[in-house]
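Understanding the architecture of this molecule
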Amino acid sequence: PVRLLLVGPYEDSLDPISEQSRRIIKENPAIESVGPKYGDDLLGYYAASDCFVFPSYREGFPNTVLEAGAMGLPCIVTDINGSREIIEEGRNGVVIPPQDSSALYQAMEHMLTDTDARERMAANAREGIASRFDQDFVRQYLINYYDEIMANV
């Protein structure tokens, strides 16, 4: 059976979801919203997953995508700063247009139904993170990102 685990808080002040969506999440037995998780609890959710989905459209450099990849998970991410630098299309995940629910659905369905592709991307995920991202790289990326934001204020 397919399950969707929603990890993290609702962002009511930034981007609230509709009451209808909340009701669907609450009532659908295949969806579990567990709220924010940290440390070993979060690692447990990565370990229980077959794929990590991060359809953000406003993130900086998402540590969660790095963490998921380090845990050997193929990722579905949106084509935004940070995510597109981490995920190599078809190698360790899939990159979709932001705010495109149809593309998101298709990518999730593909991960579910194409076991060979999912397993190939999973096999590449950890090595891709370990070989391309170290703490100094991530720190410098974040500094550059924040400098860019501050220049536009």
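Provided above is the structure to which this section pertains.
Residues numbered from 1 in each chain as written. Predicted model: local features only at pLDDT ≥ 70, side-chain atom pairs only at ≥ 80, totals over all residues. Heavy atoms only, no water.

**Quick look at the sheet that holds strand β3 (residues 52-54)**
The strand order β3-β4-β5 describes an open sheet built from three strands, whose pairing is parallel. Of all the strands in the sheet, the pair left with one neighbour each is β3 and β5 (93-96). Strand-to-strand twist of the sheet, defined as the mean angle between neighbouring strand axes without regard to direction, takes the value 10°. Summarising the sheet, β3 and strand β4 (residues 75-78) pair through three bridges and their orientation is parallel. The residue of β4 that forms the bridge with V53 is I76. (Pairing = 2+ DSSP bridges. Helix = DSSP H or I, 4+ residues; strand = E, 2+ residues; numbered from the N terminus. Axes fitted to C-alpha atoms, helices over the stretch in contact; angles between N-to-C directions.)

**A word on the pairing of strand β2 (residues 31-35)**
One ladder, built from four bridges, connects strand β1 (residues 4-7) with β2; its direction is parallel. Residue pairing in the sheet places L6 in a bridge with S33 of β2. For the crossover that starts at β1, traverses helix α1 (residues 19-27) and ends in the parallel β2, the hand is right-handed. (Right-handed = clockwise from strand over helix to strand, strands pointing away.)

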